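Chain residues, written in single-letter form:
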Amino acid sequence: MINNKKIIVVLPAYNAAKTLQKTFEEIPFEVVDDVIITDDFSKDNTITIAKNLGINHILSHNRNKGYGANQKTCYKKALELNADIIVMLHPDYQYTPKLIPAMCTLVANNLYDVVLGSRILSKGALQGGMPLYKYVSNRVLTFIQNVLMNQKISEYHTGYRCFDARLLQKIDFENNSDDFVFDNEILAQCCFLKARIGEISCPAKYFEEASSINFLRSVTYGLGVVRVSVSYLLQKTRLGSFSLFKNL
């Protein structure tokens, strides 16, 4: 705990057998109270490894539902366990768990409602081996989003996030996409609620076992990101109404 806040780390997993142990062993349990892993119908032995590591809460889907659906299961369980702070960390070891105390401290001390681990600050993405085309598309999409949503976020596409649980309770994330654009939808919802969003520089690693999406799915994701940002602008200016921002 930090400031008596219950901290739960959620691991949305898919074929993470080769990296799960390294990720888990770096989690700073001096501040983290519990860990949840949700396996999205992996083809490897992710669940077996999770059991061997002694993870308390192991959830599994009976079919591959998608990255967004995986997060929904994670967040729902964390809220059921009365988490005060929820950290979403990919178990593919692309992001270092060593930043969890710093990210949680910013939320626990009521400085921010959301803290993002940014690969862009301090050139963490390129230094870690992010492919150039992904870096360029990241920067272009982030620029478009900042303009349309009137924000100053260094990147919207990181998979390393720390939330005040009270913020997630205000968001109907169950109705968000089950695919990768879920990440952008939930950030847009946070922005719509005028949540305080902070960022911390995060080194990232790119290697064969680290999860990634192919070019075609990247294009689909990019189009989805633009759709979310345009929807946000139209909703804010009252020129449209979208279910994404209903009841916010």
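Let us look at the structure shown here. Starting from 1, residues in each chain are numbered consecutively following that chain's sequence as written. A pLDDT threshold of at least 70 governs which residues receive local features in this predicted model, and a stricter bar of 80 or more applies before side-chain atom pairs are shown or counted, although totals over entire chains, interfaces and linings include all residues. Hydrogens and waters are ignored; side-chain quantities use all the structure's heavy atoms.

1. Points about the sheet that holds strand β3 (residues 57-60)
Backbone-to-backbone hydrogen bonds pair the strands of a sheet. The strands run either parallel or antiparallel.
Here is step 1 of the chain: What the seven strands build is an open sheet, ordered β3-β2-β1-β4-β6-β5-β7; its pairing is mixed. Pairing within the sheet leaves two strands with one partner each, and these edge strands are β3 and β7 (197-201). Here the strands of the sheet are splayed against their neighbours by 20 degrees on average, with no regard to which way each runs.
Here is step 2 of the chain: Strand pairing is assigned whenever DSSP identifies at least 2 bridges connecting the two strands. Helix and strand assignments come from DSSP, with helices taken as H or I runs of at least 4 residues and strands as E runs of at least 2, each series counted from the N terminus. As paired strands, strand β1 (residues 7-13) and strand β4 (residues 85-88) are joined by four bridges and run parallel to one another. Residue pairing for β4: Ile-8 is matched across the bridge by Ile-86.
Here is step 3 of the chain: Packing of helix α4 (residues 100-108) onto the sheet brings it into contact with β1, β4, β5 (114-118), β6 (161-164) and β7, and relative to β6 it is tilted by some 25 degrees. Note on geometry: axes are C-alpha line fits, over the in-contact stretch for helices, and angles between N-to-C directions span 0 to 180 degrees. Only heavy atoms enter the contact rule, under which two residues are in contact if any of them lie within 4.5 Å.

2. A word on the pairing of β3
Here is step 1 of the chain: Where strand β2 (residues 34-39) and β3 come together, four bridges link them in parallel fashion. Opposite Ile-37, over in β3, you have Ile-58 as the bridge partner.
Here is step 2 of the chain: Throughout, right-handed denotes a crossover for which the path from the first strand over the helix to the second runs clockwise when the strands point away from the viewer. For the crossover that starts at β2, traverses helix α2 (residues 46-53) and ends in the parallel β3, the hand is right-handed.

3. Some thoughts on the packing of aromatic side chains
Here is step 1 of the chain: Pairs were defined over the aromatic rings of Phe, Tyr and Trp, the Trp ring being its six-membered one, requiring ring centres within 6.5 Å. Orientation was assigned from the angle between planes: stacked under 30 degrees, edge-to-face over 60, tilted for the rest. Applying the stated criterion to the full structure yields nine aromatic pairs.
Here is step 2 of the chain: Three or more aromatic residues joined by ring pairs make a cluster, and in this case those are Tyr-75, Phe-163, Phe-173 and Phe-182.
Here is step 3 of the chain: Seen from the ring of Tyr-93, Lys-205 lies directly overhead, with NZ or CZ sitting 4.3 Å from the centre.
Here is step 4 of the chain: Over the ring of Phe-192 we find Lys-236; its NZ or CZ atom is 4.7 Å from the centre of that ring. Lysine NZ or arginine CZ positioned within 6 Å of the ring centre and within 35 degrees of the ring normal marks a charge as sitting over the ring.

4. Some details on the side chain of His-57
Here is step 1 of the chain: Within the secondary structure, His-57 sits in strand β3.
Here is step 2 of the chain: A polar atom in the side chain of His-57 sits 3.0 Å from the side chain of Asp-34.
Here is step 3 of the chain: Leaving out residues up to four positions away in the same chain, His-57 has contacts with Asp-34, Val-35, Ile-36, Ile-37, Lys-77 and Leu-81. Pairs of N or O atoms are called polar contacts if they sit within 3.5 Å, as long as, within protein, a hydrogen donor faces a hydrogen acceptor (for residues adjacent in sequence, only side-chain-to-side-chain pairs).

5. Remarks on the environment of Gln-127
Here is step 1 of the chain: Note on placement: Gln-127 falls in helix α5 (residues 124-127).
Here is step 2 of the chain: On the basis of relative accessible area, Gln-127 is assigned to the exposed category, the value being 65%.
Here is step 3 of the chain: Taking C-alpha positions, Gln-127 is 26 Å from Thr-220, a pair spaced 93 residues apart along the chain. Only protein chains enter the accessibility calculation, which uses a 1.4 Å probe. A residue is then buried if its area is under 20% of the maximum for its type, exposed if over 50%, and partly exposed in between.

6. Some remarks on the nonpolar core
Here is step 1 of the chain: Only buried Ala, Val, Leu, Ile, Met, Phe, Trp, Tyr and Cys residues count toward a nonpolar core, and they belong to the same one when joined by side-chain atoms within 4.5 Å. Of all hydrophobic cores here, the largest spans 40 residues; its most connected members are Val-10, Tyr-75, Ile-86, Cys-190 and Ile-197.
Here is step 2 of the chain: Elements that contribute at least two residues to this core include exactly β1, α3 (67-80), β4, β5, α6 (132-149), α7 (165-168), α8 (182-192) and α9 (215-236).
Here is step 3 of the chain: Excluding residues that lie within four positions of it along the chain, Cys-190 makes contacts with Val-114, Phe-163, Leu-167, Ile-171, Ala-195 and Ile-197.
Here is step 4 of the chain: Counting residues in each nonpolar core, the second largest holds 33 residues, with Ala-16, Val-31, Leu-89 and Ile-200 among its members.

7. Some points on unusual backbone geometry
Here is step 1 of the chain: The backbone phi angle of Asn-15 is positive, close to 50 degrees, even though this residue is not glycine.
Here is step 2 of the chain: Note on placement: Asn-15 falls in the loop between β1 and α1 (20-25).

8. Brief notes about the pairing of β1
Here is step 1 of the chain: Most of β1 is tucked away: seven of the seven residues are buried.
Here is step 2 of the chain: Residues Ile-7, Val-9, Leu-11 and Ala-13 line one face of β1 and the alternating positions Ile-8, Val-10 and Pro-12 line the opposite face, and both faces are buried.
Here is step 3 of the chain: Summarising the sheet, β1 and β2 pair through six bridges and their orientation is parallel. When the sheet's bridge partners are listed, Ile-8 is paired in β2 with Asp-34.
Here is step 4 of the chain: Following the chain from β1 across α1 to the adjacent parallel β2, one finds a crossover that is right-handed.

By themselves these figures say nothing about function.
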